[in-house]
Amino acid sequence: MNGAALPLPQRSRWSQFWVLTKPRVVQLIVFCALIGMLLAIPAVPDGAQMLRIVLAGLGIWMVASAAAAFNCLVEKTIDARMKRTAWRPTARGELPDWQALVFSALLCTAGSALLWVTVNTLTMWLTLATFVGYAVIYTVVLKPMTPQNIVIGGASGAMPPVLGWAAMRGEVGAEALVLFLIIFLWTPPHFWALSLYRIEDYRQSGLPMMPIVHGPRHTAMQAFFYTLVLFAACMLPVALGMSGLFYAAVAAVLCAVFCVYGWYLWRDYSDALARRMFRWSLWHLSGVFAALLIDHYLRIGGLL
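Residues numbered from 1 in each chain as written. Predicted model: local features only at pLDDT ≥ 70, side-chain atom pairs only at ≥ 80, totals over all residues. Heavy atoms only, no water.

The name an unreviewed UniProt entry gives the protein is Protoheme IX farnesyltransferase, with Vandammella animalimorsus as the organism. Listed in UniProt under the heading Pathway (unreviewed entry), the comment for the protein reads: "Porphyrin-containing compound metabolism; heme O biosynthesis; heme O from protoheme: step 1/1." (UniProt positions renumbered as here; feature names shortened; annotations may be inferred.)

In structure tokens form, the structure reads like this:
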């Protein structure tokens, strides 16, 4: 045997398409949309509502997956320079560009049609606008242009609960906008924590991420500031009567820990701490939305 490196294993074509959809990211998107749907129903869902939830969730999943695939296609050169993303099939050249583009277009078209026919036109248009906001405005325009890309582009990522609410109510209410605000303010500290401990990866990419343009300390300070504002936003459901004491207690603990991470990241930075803060951010968002849902059903059951 010679000492040549073994080639990377070739994945099946279906596996490559699956990777393009960024399953873990889209899973969180659908989860937040589902919470929006369930919160929009003032009682336990009946059979017809459950069917609409399933169809809306499937449609949103398809369009979100299409946006993820388009993102992988547009950023294939950038992905190839970064260890975190170099394994994607578009970055490795495993998947022809035309196949990735057709896959994205078919998913987007099918998902939009499903939402239009089985849910409502408002949800379809909002979901399609989210696709354009993420895949085009954020990926093509904002991301390579400004270190505030995460902040501005975060509007697209914050849309899932609004889509869910619109799917069940046929309108966008104040409650849906509160859910939007929570994710919008959560996005900067979440992604800046990632970019801090992956700073060399992003330096190789050539993207003007905040830690590269303004330095780690400034980025950590900004992340801490956003955790404080996020804390206040997470208390809005209580102030507006959307949630009660159970949610307030859970959200307060989750937000307090996030703020503590932000403070220490600013005052005594380390890659290990940034990594822990990034991981906690995932628990934070999942926990806040799960607490909203549990509180919702506790109140329906008269237990709060």
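Structure shown, so let's carry the discussion forward.
(A) Looking closely at the packing of aromatic side chains. In this structure the tally under the stated criterion is 13 aromatic pairs. Considering the side-chain rings of Phe70 and Phe131, the 6.3 Å spacing of their centres and the 50 degrees angle between planes classify their relative orientation as tilted. Of this pair, Phe70 sits in helix 3 (residues 47-74) while Phe131 sits in helix 7 (residues 121-142); the two residues are 61 residues apart in sequence, bridging distant segments of the chain. The ring of Trp266 has Arg267 lying over it, and the distance from NZ or CZ to the ring centre is 4.8 Å. (Phe/Tyr/Trp six-rings, centres within 6.5 Å; stacked < 30°, edge-to-face > 60°. Helix = DSSP H or I, 4+ residues; strand = E, 2+ residues; numbered from the N terminus. Lys NZ or Arg CZ within 6 Å of the ring centre and 35° of its normal.)

(B) Structural context of the domain arrangement of the protein. Assigned domains of the protein: these are domain 1 (11-171) and domain 2 (173-303). Each of domain 1 and domain 2 has a C-alpha centre, and the two are 21 Å apart. With 35 residues of domain 1 at the contact, the number on the domain 2 side is 35 residues. At the boundary of domain 1 with domain 2, total buried surface from both sides reaches about 3,100 Å², with 76% on carbon and sulfur atoms. The three residues of domain 1 that bury the most area against domain 2 are Leu39, Pro147 and Ile150, which together make up 19% of that side's buried surface. Counting across the domain 1 and domain 2 interface gives 4 residue pairs in polar contact (both at pLDDT 80 or more). At 7 residues, helix 2 (residues 23-40) tops the list of elements feeding residues into the side of domain 1 that touches domain 2. Residues of the side of domain 1 that touches domain 2, tallied by class, amount to 24 nonpolar, 6 polar and 5 charged. (Domains from an automatic or database assignment. Contact = heavy atoms within 4.5 Å. Buried area = accessible area lost by both parts, 1.4 Å probe. Polar contact = N/O pair within 3.5 Å; in protein donor to acceptor, adjacent residues only side chain to side chain. Nonpolar A, V, L, I, M, F, W, Y, C, P; charged D, E, K, R; others polar.)

(C) Geometry of the packing of helix 7 against helix 8 (residues 149-157). Orientation of helix 7 relative to helix 8, taken along the N-to-C sense of each, is 165 degrees, at an axis distance of 8 Å. The orientation of helix 7 relative to helix 8 falls into the category roughly antiparallel. For helix 7 against helix 8, the interelement crossing comes out right-handed. Of the residues in helix 8, those touching helix 7 at Thr130, Gly133, Tyr134, Tyr138 and Leu142 are Asn149, Ile150, Ile152, Gly153 and Ser156. When the residues that make up the contact of helix 7 with helix 8 are grouped by side-chain class, the tally is 5 nonpolar, 5 polar and no charged. (Axes fitted to C-alpha atoms, helices over the stretch in contact; angles between N-to-C directions. Parallel < 35°, antiparallel > 145°, perpendicular 65-115°, else oblique. Left-handed = near helix turned anticlockwise from the far one by under 90°.)

(D) Just the nonpolar core, in detail. Counting 69 residues, the largest nonpolar core has Ile182, Tyr247 and Phe289 as the members making the most contacts within it. Both domain 1 (11-171) and domain 2 (173-303) contribute no fewer than three residues apiece to this core. Residue contacts for Phe289: discarding those within four places in its chain leaves Phe31, Cys32, Ile35, Pro161, Leu179, Ile182 and Ile183. (Core = buried A, V, L, I, M, F, W, Y, C linked by side-chain atoms within 4.5 Å. Buried < 20%, exposed > 50% of the residue type's maximum accessible area, 1.4 Å probe, protein only.)

(E) The arrangement of the pattern of salt bridges in detail. Tallying each qualifying case throughout the model produces 5 salt bridges. Ionic pairing is found between Asp79 and Arg88, a salt bridge with its closest N-O pair at 3.2 Å. Accessibility classification places Asp79 together with Arg88 in one group, the buried group. One salt bridge connects Glu94 with Arg92, and the closest N-O pair in it is separated by 2.8 Å. The class for Arg92 is partly exposed, based on a relative accessible area of 28%. (Salt bridge = Lys/Arg side-chain N within 4 Å of Asp/Glu carboxyl O.)

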